[in-house]
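Residues per chain, in single letters:
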Amino acid sequence: MGEPTSAHIRDALLSILSTHGISSIEEHERLFSSGRLDSLAATEVLILLETDYGIDLSDENFDILQIDTLHDLERMISSRETATGTPGNPGR
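Residues numbered from 1 in each chain as written. Predicted model: local features only at pLDDT ≥ 70, side-chain atom pairs only at ≥ 80, totals over all residues. Heavy atoms only, no water.

Enquirer: Looking at this model, I keep getting lost on the overall build of the protein chain. Mind explaining?
Expert: A count of helical and extended segments in the protein chain gives three helices and zero strands. When the elements of the protein chain are put in sequence order from the N terminus, they spell out α-α-α. Buried residues in the protein chain amount to 37% of all 92 residues. If you take every contact in the protein chain between residues at least 6 apart in sequence, the share linking residues at least 24 apart comes to 62%. Accessible surface computed for the protein chain: about 5,200 Å², of which carbon and sulfur atoms make up 50%. (Helix = DSSP H or I, 4+ residues; strand = E, 2+ residues; numbered from the N terminus. Buried < 20%, exposed > 50% of the residue type's maximum accessible area, 1.4 Å probe, protein only. Contact = heavy atoms within 4.5 Å. Areas by Shrake-Rupley, 256 points an atom, 1.4 Å probe, with all protein chains shown as cover.)

As C-alpha cells, then:
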C-alpha cells in the first residue's frame, strides 16, 4: 500500500479517536474487540472507509473484527486497491 494511503487512514483514525479521548494507537492494537472504540466511533470509521475508499461494508458476511486494528484497516484498503486497480480517494 502506498504511504499516502497508509498515512491518511492513520491520521483519519487518530482524528476519530482523539474525539473519544484516545491520543495514540499502535499498528496491532485492538480497537473494536477491546472496547476502545464505542459504536459512534465505529460508525465514523465505517463511514470513512465507505466515503474515502469506496469500501462497501453492507455485505452480510462482514465482521467488524476484520478491521479490528490499524493494520487490518490498511490491509483491507490495500487489498481493495489491488483488486480494483483503483486507489482510494483520501481527502475527497
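Continuing now.
Enquirer: What am I meant to see in the side chain of H8 here?
Expert: By the secondary structure assignment, H8 is in helix α1 (residues 3-18). One polar contact links H8 to D52, side chain to side chain, over a distance of 3.4 Å. (Polar contact = N/O pair within 3.5 Å; in protein donor to acceptor, adjacent residues only side chain to side chain.)

Enquirer: For this particular structure, what's the right way to read the environment of M76?
Expert: Along the chain, M76 falls in helix α3 (residues 70-84). Setting aside residues up to four positions removed in sequence, M76 forms contacts with I55, L57, F62 and I67.

Enquirer: Help me understand helix α2 (residues 39-53), please; the structure alone is not making it clear to me.
Expert: Since there are 3.6 residues in each turn of an α-helix, residues three or four apart along the chain are aligned in direction. Taking 1.5 Å of rise per residue, 15 residues should cover 21 Å, and α2 covers 20 Å from first to last C-alpha, within 8% of that figure. Taken together, the buried positions of α2 are A41, A42, V45, L48, L49, D52 and Y53. When α2 is viewed along its axis, its buried side chains cluster within an angular range of 125° and face the same direction. Exposed side of α2, more than 90 degrees from the buried face: S39 and L40 are the residues found there. Just past α2, the residue G54 takes up positive phi, approximately 65°. (Expected span 1.5 Å × (residues − 1). Arc of directions from axis to C-beta.)

Enquirer: Any chance you could explain the pattern of salt bridges here in plain terms?
Expert: Oppositely charged side chains can form a pair if their charged atoms are brought close together. Within the structure shown, the criterion is met by four salt bridges. Between E29 and R36 there is a salt bridge; the shortest N-O distance is 2.9 Å. (Salt bridge = Lys/Arg side-chain N within 4 Å of Asp/Glu carboxyl O.)

Enquirer: Honestly, a negative patch on the surface in this entry has me stumped. Any pointers?
Expert: Among the surface-exposed residues, E50, D56, D59 and E60 lie close enough to one another that they form a single negatively charged patch. Relative to the helices and strands, D59 resides in the loop between α2 and α3. D59 gets classed as partly exposed once you look at its relative accessible area, which sits at 45%. (Patch = residues over 30% accessible without salt bridge, like charges linked within 9 Å, V, L, I, M, F, W, Y side chains within 5 Å. Lys, Arg positive; Asp, Glu negative; His and termini not counted. Charge placed at Lys NZ, Arg CZ, Asp CG, Glu CD.)

Enquirer: I keep staring at the side chain of D52 and nothing clicks. Help me out?
Expert: Relative to the helices and strands, D52 is located in helix α2. Residue D52 is classed as buried on the basis of its relative accessible area, which comes to 12%. Of the polar contacts made by the side chain of D52, one reaches the side chain of T51; its length is 3.5 Å.

Geometric descriptors of this kind do not, in isolation, establish any biological role.
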